[in-house]
Amino acid sequence: MKLTKKIAVITGAGRGIGESIAHAFADEGADLILTARTRQQLDRVADDIKAKNRNAAAITCDVSSPIEVEKLAASVKEKFSRVDILVNNAGISRRSALLDYDDDTWLEVIRVNLFGVYLCSKALLPIMQQTGAGRIINIASTAGKTPVPFNTAYSASKHGVLGFTKSLASEVALSGYPDITVNAVCPFFVETEMFRGPDGYLAQMSKMVGLSEKDVQDKVVGRSLQKRVLEPDEVAAMTLYLASDDARGVTGQAFNICGGRVFH
């Protein structure tokens, strides 16, 4: 198995893409530290992972809080003594026209989506440096490569994640840790609660533009060549590749999973 004896931390692991990544990693032999803000969701995923005879520790954590992330890193070090893989997956979206944004809401998106990636990477990188090897994988978005009207906060945060990914990849290699790689995955729309839930993309845009959720979906998904919504396991498969030894020569890259929406 590709991740035998590996220890992986996955943020935003209680549902959606994070949950799918957790299962993909467990199926390949990894033991997991699952984090999110909602205990009930984490416990459910952890129980499912344990049913596969893998270790899974559920630790609630708000990735935008320096104090909570420090506690997470301390728990990881205490329980497992090392970490081989960090998947920065936690993220939120709050759509609005720019002139209607509440400042605190705009900053909340930046704090979770970008500052959270910074905090978790900063807290767990030193543990990887102790062994000299590791994987940091940031779940970004095609919104980090293309314009996203009516969602400047999300777009700005994901553009920031890609800049952070490239810069950190360069920094760790030049600092004497070439076997610690840093990469990003950029999905288009994925079949998750963030897309289809009561407060998800379709619901938010439907209210903003006065179209049905079906019409909104047809319009936005039609921008890709395949004209479909992706499944979480497609994102998990790319993340698994980047976490494995197969990707030991890959760093500082941002891979699109987008059905032909983006070509750079």
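Bear in mind that the values here come from a model prediction, so they are computed numbers and not experimental data.

> How do you make sense of the sheet that holds strand 1 (residues 7–11) when you look at a structure like this?
Through backbone hydrogen bonds, the strands of a sheet pair up, either in parallel or in antiparallel fashion. Pairing is parallel in the open sheet, where seven strands are placed in the order 3-2-1-4-5-6-7. Whereas interior strands pair on both sides, the edge strands pair on one side only; in this sheet they are strand 3 (56–60) and strand 7 (254–257). Here the strands of the sheet are splayed against their neighbours by 15° on average, with no regard to which way each runs. Across three bridges, the pairing between strand 1 and strand 4 (residues 85–88) is parallel. In the strand pairing of strand 4, V9 is matched with L86. The sheet contacts of helix 9 (residues 232–243) involve strand 4, strand 5 (134–139), strand 6 (180–187) and strand 7, and relative to strand 6 the element is tilted by about 165°.

> Is there a simple way to explain the pattern of salt bridges in this structure?
Opposite charge on two side chains permits them to pair, given that their charged atoms come into close proximity. In the structure shown here, the tally under the stated rule is 12 salt bridges. In this structure, the salt-bridge partner of R82 is D84, at a minimum N-O distance of 3.1 Å. The partly exposed category is assigned to R82, whose relative accessible area is 26%. D84 sits in the buried class, given a relative accessible area of 10%. Among the ionic pairs, R135 bridges to D245, the shortest N-O distance being 3.9 Å. Placement of the pair is R135 in strand 5 and D245 in the loop between helix 9 and strand 7, with a sequence separation of 110 residues. Note on R135: relative accessible area 7%, which makes it buried. Classification of D245 by relative accessible area gives partly exposed; the value is 43%.

> So what exactly am I meant to see when it comes to the pairing of strand 4 here?
For a regular strand, the rule is simple: side chains alternate between the two faces of the sheet. Burial of strand 4 is two-sided: the residues I85 and V87 facing one way and the residues L86 and N88 facing the other way are all buried. Here strand 4 pairs with strand 5 via four bridges, running parallel. Directly across from V87, in strand 5, lies its bridge partner I137. Handedness of the crossover joining strand 4 and strand 5 through helix 4 (residues 103–131): right-handed.

Cut-off values and rules
- Residues numbered from 1 in each chain as written.
- Predicted model: local features only at pLDDT ≥ 70, side-chain atom pairs only at ≥ 80, totals over all residues.
- Heavy atoms only, no water.
- Pairing = 2+ DSSP bridges.
- Helix = DSSP H or I, 4+ residues; strand = E, 2+ residues; numbered from the N terminus.
- Axes fitted to C-alpha atoms, helices over the stretch in contact; angles between N-to-C directions.
- Contact = heavy atoms within 4.5 Å.
- Salt bridge = Lys/Arg side-chain N within 4 Å of Asp/Glu carboxyl O.
- Buried < 20%, exposed > 50% of the residue type's maximum accessible area, 1.4 Å probe, protein only.
- Right-handed = clockwise from strand over helix to strand, strands pointing away.

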